[in-house]
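Listed below, chain by chain, are the residues.
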Amino acid sequence: MTTEHNHDSTNATNGGDEDVFANRRMLIIYGSETGNSQDLAGNLERVVERLHFKTLTCEMNDVELNILPRYPLTIFVISTTGQGEIPQNALKFWKSLLRKRLPPTCLQSVNFTTFGLGDSSYSKYNWAARKLHKRLEQLGATEFYPRGEADERHEDGIDGTFLPWAQSLRSHLLREYPLPEGLSPIPLDVQLPPKFTIELADNMDPVDDPMPDRDEQLGENSDDTGLTPTSATSASNAASQKPILDRTAALFSHVDTPDPEELDRALQEERMSINSNTYHARLSENTARQYPRGIDILDRPNVLRDHPSKYSLDDSSNVKEALPPPNTLPIPDSWKAVLRENRRVTPSTHWQDVRHLVFDVMTRPRSSRNDKFDIFCYMPGDAMVIYPKNFPQDVQGLIELMGWEEVADLPFEHRASQQDELYSKPKNCFPLHRSTLRQLLLHNYDITAIPKRIFFEDIAFYTDDPMHRERLQEFANPGLSDEFYDYTSRPRRSILEVLHDFPSVKIPYQHVPSIFPVIRGREYSAASGGGLVKTESPDSDFTRVELLVALVKYKTVLRKTRQGLCSRYISSLNVGTIINFGHKEYNGLHASFSLRPLLAIGPGTGIAPIRAHLWDRHQDVRSGDAVLFYGGRNRDADFYFKDEWDRLGVQVFTAFSRDQKEKIYVQDRIREQATLVCEYLQKGACVYICGSSGKMPEAVRTALYDAMVIGKLAPDRERAKKLLRANTPIWEEVW
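The written sequence of each chain sets the order in which its residues are numbered from 1. Only residues with pLDDT of at least 70 are given local features in this predicted model, and only at 80 or more are side-chain atom pairs given and counted; all residues enter the totals for whole chains, interfaces and linings. Just so you know, side-chain values use all the structure's heavy atoms and leave hydrogens and water out.

(A) Summary view of the pairing of strand β13 (residues 542-550). Burial runs high along β13: eight of the nine residues are buried. When DSSP finds two or more bridges between two strands, those strands count as paired. Strands here mean DSSP runs of E at least two residues long; helices mean DSSP runs of H or I at least four residues long; both are numbered from the N terminus. Pairing analysis gives nine bridges linking strand β9 (residues 354-362) to β13, with the strands arranged antiparallel. Each residue of the ladder has a partner; that of arginine 355, found in β13, is valine 549. Relative accessibility under 20% of the residue-type maximum defines a buried residue, over 50% an exposed one, and the middle range a partly exposed one, all with a 1.4 Å probe and only protein chains included.

(B) Unusual backbone geometry, seen in detail. Located in the positive-phi region is asparagine 126, a residue other than glycine, with phi close to 55°. Among the structural elements, asparagine 126 can be located in the loop between β4 (111-118) and α4 (127-138). Of note, arginine 492 is a non-glycine position whose phi angle comes to about 55°, a positive value. Among the secondary structure elements, arginine 492 is positioned in the loop between α16 (481-487) and α17 (495-501).

(C) Looking closely at the sheet that holds strand β21 (residues 730-734). As summarised here, the arrangement of the five strands in space is β19-β18-β17-β20-β21, forming an open sheet in which the pairing is parallel. Of all strands in the sheet, those bounded by a partner on one side alone are β19 (650-656) and β21. Taking the axes of each pair of neighbouring strands and ignoring which way they run, one obtains an average angle of 10° across the sheet. Bridging between strand β18 (residues 626-632) and β19 involves seven bridges; their strand directions are parallel. From the neighbouring strand, alanine 626 faces β19, where its bridge partner is valine 650. In what follows, residue pairs with any heavy atoms lying within 4.5 Å of each other are defined as contacts. Note on definitions: angles span 0 to 180 degrees between N-to-C directions of axes, and those axes are lines fitted to C-alpha atoms, for helices only across the stretch in contact. Across the sheet, helix α24 (residues 695-710) touches β17 (598-601), β20 (686-691) and β21, and the angle it forms with β20 is around 150°.

(D) Structural context of the sheet that holds β9. Pairing within the open sheet is antiparallel, and its six strands lie in the order β12-β10-β16-β8-β9-β13. Edge positions in the sheet fall to β12 (522-525) and β13, since each has one partner strand and no second. Averaged over all adjacent pairs, the angle separating strand axes in this sheet is 40°, with direction ignored. The pairing of strand β8 (residues 335-344) with β9 spans seven bridges and is classified as antiparallel. Bridge pairing in β9 links asparagine 342 to leucine 357.

(E) Highlighting the pattern of salt bridges. The salt bridge criterion pairs a side-chain nitrogen of Lys or Arg with a carboxyl oxygen of Asp or Glu, the two atoms within 4 Å. By the definition in use, this model includes 37 salt bridges. Linking arginine 438 and aspartate 409 is a salt bridge whose minimum nitrogen-to-oxygen distance equals 2.8 Å. Of this pair, arginine 438 sits in helix α13 (residues 437-443) while aspartate 409 sits in the loop between α12 (392-402) and β11 (412-416), placing them 29 residues apart in sequence. You can call arginine 438 buried: its relative accessible area is 3%. Given the relative accessible area of 13%, aspartate 409 is considered buried. A single salt-bridge network, built from bridges that share partners, covers Arg46, Arg50, Glu457 and Asp458.

(F) Structural context of the packing of α24 against helix α25 (residues 717-727). Remark: α24 packs on α25, axes separated minimally by 9 Å, with the N-to-C direction vectors making an angle of 105°. For the element pair α24 / α25, the angle class is roughly perpendicular. From α24, Thr702, Leu704, Tyr705, Asp706, Met708 and Val709 reach across to α25, where they touch Arg717, Ala720, Lys721, Leu723 and Leu724. Relative orientations are named as follows: roughly parallel for angles under 35 degrees, roughly antiparallel for angles over 145 degrees, roughly perpendicular for angles from 65 to 115 degrees, and oblique for any other angle.

(G) Quick peek at the environment of serine 514. With respect to the helices and strands, serine 514 occurs in helix α18 (residues 512-515). Judged by relative accessible area, which is 22%, serine 514 ranks as partly exposed. Serine 514 sits 56 residues away from aspartate 458 along the chain, and the two C-alpha atoms are 8.8 Å apart. Contacts of serine 514, omitting those with residues within four sequence positions, involve Arg46, Pro194, Phe196 and Asp458.

(H) Just helix α5 (residues 159-176), in detail. Each helix should span, by expectation, one fewer than its residue count multiplied by 1.5 Å. Counted at 1.5 Å a residue, the expected span for α5 with its 18 residues is 26 Å, and the 25 Å between its end C-alpha atoms agrees. Turning to α5, its buried residues number three or more, namely Phe162, Trp165, Ala166, Leu169, His172 and Leu173. One side of α5 carries all its buried residues, which in axial view fall inside an arc of 125°. If you follow the buried residues of α5, they end up packed against β1 (25-31), α2 (36-49), β3 (73-79), β4 and β6 (148-151). The arc refers to the directions leading from the helix axis to the C-beta atoms.

(I) Spotlight on a negative patch on the surface. Together, Glu155, Asp156, Asp482 and Asp486 line one region of the surface with negative charge. Mapping aspartate 156 onto the fold places it in the loop between β6 and α5. Grouping into patches uses exposed residues only, defined as over 30% relative accessible area, and leaves out salt-bridged ones; the cut-off is 9 Å for like charges and 5 Å for nonpolar side chains (Val, Leu, Ile, Met, Phe, Trp, Tyr). Here the open area of atoms and residues is found with the Shrake-Rupley method and a 1.4 Å probe, where only the protein chains shown may cover a residue. For the purpose of counting charges, residues Lys and Arg are taken to be positive, whereas Asp and Glu are taken to be negative. His and the chain ends are not included. Charge placement uses NZ in Lys and CZ in Arg. For Asp and Glu, CG and CD serve respectively.

(J) Layout of the packing of aromatic side chains. In summary, the pairing rule links any two rings of Phe, Tyr or Trp, Trp by its six-membered ring, whose centres are within 6.5 Å, and it sorts them by plane angle into stacked for under 30 degrees, edge-to-face for over 60 and tilted for everything else. Taken as a whole and judged by the stated rule, the model has 22 aromatic pairs. Here phenylalanine 456 and tyrosine 487 contribute two aromatic rings whose centre-to-centre distance is 6.1 Å and whose plane-to-plane angle is 65°, an arrangement assigned as edge-to-face. You can see phenylalanine 456 sitting in helix α14 (residues 453-459) and its partner tyrosine 487 sitting in helix α16, a full 31 residues away along the chain. The burial state of phenylalanine 456 is the same as that of tyrosine 487; both residues are buried. Pairwise contacts between aromatic rings join Phe455, Phe456, Phe475, Phe484, Tyr487 and Phe502 into one cluster. To sit over a ring, a charge needs its Lys NZ or Arg CZ within 6 Å of the ring centre and within 35 degrees of the ring normal. One cation-aromatic arrangement involves arginine 453 over phenylalanine 484; the distance from NZ or CZ to the ring centre is 4.4 Å.

(K) Region of interest: the environment of glutamine 167. On the secondary structure map, glutamine 167 appears in helix α5. With relative accessibility at 47%, the residue glutamine 167 sits in the partly exposed group.

(L) Structural detail: the nonpolar core. Here, nonpolar core means buried Ala, Val, Leu, Ile, Met, Phe, Trp, Tyr and Cys residues that are tied together by side-chain atoms lying within 4.5 Å of each other. In this structure, Trp404, Ile459, Leu499, Ile507 and Phe516 are the most contacted members of the largest nonpolar core, which totals 41 residues. Elements represented by at least two residues in this core include exactly α12, α13, α14, α15 (466-476), α16, α17 and α18. Here this core gets five residues from one element, more than from any other, and that element is α12. The contact partners of phenylalanine 516, leaving out residues within four places of it in the chain, are Leu398, Trp404, Tyr445, Asp446, Ile447, Ile495, Leu499 and Ile507.

(M) Quick peek at the packing of helix α23 (residues 674-682) against α24. Direction vectors running N to C along α23 and α24 enclose 90°, while the axes themselves pass 8 Å from each other. As judged from the angle between their axes, α23 and α24 are roughly perpendicular. Every residue of α24 that contacts α23 at Ala674, Val677, Cys678 and Leu681 is listed here: Leu704, Ala707, Met708 and Ile710. Each residue receives one of three labels: charged for Asp, Glu, Lys and Arg, nonpolar for Ala, Val, Leu, Ile, Met, Phe, Trp, Tyr, Cys and Pro, and polar for the others, Gly being one of them. In the contact of α23 with α24, the residues fall into eight nonpolar, no polar and no charged.

(N) Structural detail: the pairing of strand β16 (residues 578-584). Most of β16 sits inside the fold, with seven of its seven residues counted as buried. Burial of β16 is two-sided: the residues Ile578, Asn580, Gly582 and Lys584 facing one way and the residues Ile579, Phe581 and His583 facing the other way are all buried. The pairing of β8 with β16 spans four bridges and is classified as antiparallel. When the sheet's bridge partners are listed, lysine 336 is paired in β16 with asparagine 580. Direction of pairing for strand β10 (residues 383-386) relative to β16: antiparallel, over a ladder of four bridges. Paired with isoleucine 386 across the bridge in β16 is phenylalanine 581.

(O) Representation of the side chain of glutamate 59 in the model. Turning to its location among the elements, glutamate 59 is positioned in strand β2 (residues 54-59). Given a relative accessible area of 8%, glutamate 59 falls into the buried group. Polar contact is defined as a pair of N or O atoms within 3.5 Å, subject to the rule that within protein one atom must be able to donate a hydrogen and the other to accept it, and that residues adjacent in sequence are counted only when both atoms are side-chain atoms. Within the structure, the side chain of glutamate 59 is placed 3.2 Å from the side chain of asparagine 89, a separation counted as a polar contact.

Right, dumping it as structure tokens:
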């Protein structure tokens, strides 16, 4: 938990200004499910730091309630997730606000404002920010600036609301908290110091270590959890070990050798021999320190400039691109899982590649599901988090573009810019021990994301080309949003492509953590429940998890093929691969819902969480009847799990939009079956709406209102809306 931490002001203050700057302190805390709130909190931090505020920016769960009164001003940035729920990294803080023993004036010295992120396609739009704001006021806190709310459905996205709100906040702070005479805001053409950097690790060990890449490949991937690939996969993996030997040889010599391991041992013996004329760089820190850059210079004759994979003996003419390394990352609260199936369930001629993924997760005995780190188990509505990786070819391209070849395979450590910083590295960055720069780029930092506006502001400081700098600053200008959108979001241009467009930009490798975003995990709803969670062997120590994932791959307006980072990663995973994934518990599905009748609407991959619930209901003989409205494009292409519905006793109404001349959608089927819909609602049915966000959820809700009017349950849509909300549990899971 936090004690009080502050960044130093960018401009030093003299003793006479100490009282003035004592009040120029601000706490910025965020609750974020996908990272958007975290990004906005970072943007606000930059805004106020340019006004000479000392700031602490952190997750809500990392803050104790008694910290709030210590800061004159506090900004809360929070997104709404699920059914109006608080994000998981803010839940602990939120629960601390709900304690019954808190006096109603405990936060009377707190001055705050909130900014919420929401999606208006959900019925409980920006619910989390509104609940938080109200609770803070109930405990005596005072709003110092009006609350802001952003809608992801806005034509300009989150920026459409956030940018003007942040600008108005800046003006308010300047007016209400004026700077001392003679001190001006830090202009935009002055670079703020980075929050985090990476520095070369002290790698002069008292014993002779293997070279970094070899050590990572042979050591860190050992696994004692009992997870093993299938026998067929084991054989293929065994065959794939040969490139590791070639990789080892490449690390020590430009020529091929019949026995690279023997060469490795010979080189070690040569360095350790008392008769050796070589410098004992790996035996003595003092020897290395006598030379600039130590081992980087002393071992230079033995280390290649480029990636060792280029020196594989295998004929690469028919070899696919190199895959991300198999290292399992040290992700907190994660579970090791072995991939048992990665099968495309749509025809190769279909426009979309949809995968059915099956994982076996090692079960670890713990007390109960409600305790932290109990036995791995999940419920319908829960999600699994997959952490993707970059591909070696892209990473090598970035290394060459930036001129980082000489340091790419040296070990690095993260550093915080201030000694009293709360975090030692960017939040949710989980590097391997003694990661090289290459490994950090492969595993931890996203180089193919669509860049945010702040990215252009930052990299403009790293070019000497005045035309490039001017253009980059234009993209960073909030007043030129159309140009920014046309260059980035519209063609889905990646960070790596931007850097190729501006080759004069040379980012210091030390600044990687402050320039590139951290790779974030992607959540996928569990598609399995009930009997599906059991593996084939009843005595197995594994729990089975199934996912239904639509891979993101398309062509842009520039006719360039684009593929999502996680989609590309998932498509590359071979059966038998072991990964660490996270588990997110969501409490939207109450156990009693299984006893009620069910109206489920799940177009496309929205069927995944519905399938999990239907299998769960199938185990309980008391479960109510279920009706499914399923939508897709073509019956023969994307009617997922169609062979299971009769077995589960589900009545299905389908809407395949492209199988006839007139397009038909699930909302059309709901209106056609108005009598049945009303019958279920009168029996107390639950309603599940799952699938793509945007227009679909609202169109489905409107169809339900119309069905109630047609079935005489309500005189009009407005009355139907009120009745449905008052009497019917509605669970939405849209993305």
